[in-house]
Amino acid sequence: MIPVRVLVTGGAGFLGVHLCRRLHATGRFVYCLDDLSNSRRDRLGDLHARERFVFLEQDVREPITVEVDEIYNLACPASPVHYQREPVRTLRTNGEGALRVLELGQRVGARVLQASTSEVYGDPEVHPQPESYRGSVSCTGPRACYDEGKRAAEALFSDYARRHDVEVRIARIFNTYGPGMAFNDGRVVSNFVLQALRGEPLTLYGDGTQTRSFCYVDDLIDGLVALMTHPREREPVNLGNPTEATMRELADLVRGLTGSVSRIVAAPLPVDDPTRRRPDIRRAEELLDWRPRVSLEEGLRRTMDDFRARLTGGEAS
């Protein structure tokens, strides 16, 4: 039997590695495409030596020529530290990259999933955020390259579905964490865990009352695969954990789980940083029979174990 052939763009990133491993473990032939501008090839580990796995070092904005049945488009840095470093490239990666995978999907008849983001809701005025909410996004701020880039990608996916009958899926991913996050990721979970394990002060931006909802990576991958295999859903679907926590609560939880005595130091809140973020996941529950299963405490324990092992092994970034 010929295995299902899958392309994962951004496959050497945090989510990409987990997704490639999951797909390969289910018998699929996996093509992993990444330009390594914000990731490392060695993150894929032993996948390189396995059958049914091919790594393609390529920018997603260039024409893609592989023959596949499914495409997961994850190509774009998701950390504000990284995507704000090269904002024009970020915007182009979102738009031009989406166009390239849609062109490929149209040519080979593949189903294409867009890894969109909760950032399309901006600093929301509706809470929790349902897929019907159109967002409150600054189109001129420092986060616009990512926020508006993802919104433009969703528009392209929707137009290709309407005009060219390409089978599309759109996942709006909320904050995700877990083993394998880069130490220099710059997001709050990796920052807090790394600082606590190193005995450094925990950097708390703003007054710590802003909230996020954190989804463990295994749960998120379950959701992506379930959405890709759904027979008909073209509308965006929120994937995230609806359990909400303030940043101060997260800092206290990390300190407690690590046994750290690190103090908390305040820093200014970044421009356009959302004050509240929590997904309404009723559509995912009804359509995909999906909901997160790993608690924040358990997920943090697993993440900390991974970080400890990598620090002991001498990993620096």
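Criteria and thresholds
- Here, residues in each chain are numbered from 1, in the same order as that chain's written sequence.
- Reporting of local features is limited, given that this is a predicted model, to residues whose pLDDT is at least 70; pairs of side-chain atoms are given and counted only at 80 or more, and all residues count toward the totals for whole chains, interfaces and linings.
- The basis for the side-chain values is all heavy atoms of the structure; hydrogens and waters are excluded.
- Under the scheme used here, helices are H or I runs from DSSP no shorter than 4 residues and strands are E runs no shorter than 2 residues, and both carry numbers assigned from the N terminus.
- To estimate how far a helix should extend, the number of its residues minus one is multiplied by 1.5 Å.
- To get the bend at any residue, fit one axis to the seven residues that end at it and another to the seven that begin at it, then take the angle between the two axes.
- Put simply, a nonpolar core is a bunch of buried Ala, Val, Leu, Ile, Met, Phe, Trp, Tyr and Cys residues held in one set by side-chain atoms that sit within 4.5 Å of each other.
- Only protein chains enter the area calculation, which uses a 1.4 Å probe; residues under 20% of their type maximum are buried, those over 50% are exposed, and those in between are partly exposed.
- Contacts: residue pairs with any heavy atoms within 4.5 Å of one another.
- Stacked, tilted and edge-to-face pairs are distinguished by plane angle, under 30 degrees for stacked and over 60 for edge-to-face with tilted covering the rest, among Phe, Tyr and Trp rings (Trp via its six-membered ring) whose centres lie within 6.5 Å.
- Axes, fitted as lines to C-alpha atoms, cover a helix only where it is in contact. Angles between the N-to-C directions of the axes lie from 0 to 180 degrees.
- Note on terminology: angles under 35 degrees are roughly parallel, angles over 145 are roughly antiparallel, angles of 65 to 115 are roughly perpendicular, and the others are oblique.
- A crossing counts as left-handed when the near helix is turned anticlockwise from the far one by less than a right angle, and as right-handed when that turn is clockwise.
- Each residue receives one of three labels: charged for Asp, Glu, Lys and Arg, nonpolar for Ala, Val, Leu, Ile, Met, Phe, Trp, Tyr, Cys and Pro, and polar for the others, Gly being one of them.

Description of helix α3 (residues 87–108)
In a regular helix each residue adds 1.5 Å, so 22 residues correspond to 32 Å; α3 covers 31 Å between its end C-alpha atoms and thus fits that length. Residue threonine 93 marks the point of greatest curvature in α3, where the axis turns by about 25 degrees. Taken from the residues just after α3, glycine 109 is the one with a positive phi, measuring 75 degrees.

Details of the nonpolar core
Counting residues in hydrophobic clusters, the biggest one holds 57 residues, and the most contacted among them are Tyr72, Leu224, Leu239 and Leu300. Sorting elements by how many residues they give to this core places helix α6 (residues 217–229) first, with 7 residues. Filtering out sequence-adjacent residues up to four positions away, tyrosine 72 remains in contact with Val6, Leu7, Val8, Thr9, Leu19, Leu23, Leu113, Leu224, Val225 and Met228. Ile71, Leu104, Tyr160 and Ala161 belong to the second-largest nonpolar core, a separate cluster that totals 22 residues.

Brief notes about the packing of aromatic side chains
With the rule as written, the count across this model stands at 7 aromatic pairs. Taking 4.4 Å as the distance between ring centres and 5 degrees as the angle between the ring planes, the aromatic pair formed by tyrosine 83 and tyrosine 146 counts as stacked. Taken as a pair, tyrosine 83 in helix α2 (residues 80–83) and tyrosine 146 in helix α4 (residues 144–164) lie far apart in primary sequence, 63 residues in all. Ring geometry for tyrosine 177 and tyrosine 216: centres 5.7 Å apart, planes at 70 degrees, overall edge-to-face.

Let's talk about the packing of helix α5 (residues 188–198) against helix α9 (residues 296–312)
Packing of α5 against α9 leaves a shortest axis separation of 10 Å and a crossing angle of 55 degrees. Compared by their axis directions, α5 and α9 come out oblique. Remark: the crossing between α5 and α9 carries right-handed chirality. Of the residues in α9, those touching α5 at Val189, Ser190, Val193, Leu194, Leu197 and Arg198 are Leu300, Met304, Phe307, Arg308 and Leu311. Class assignment for the residues of the contact of α5 with α9 results in 8 nonpolar, 1 polar and 2 charged.

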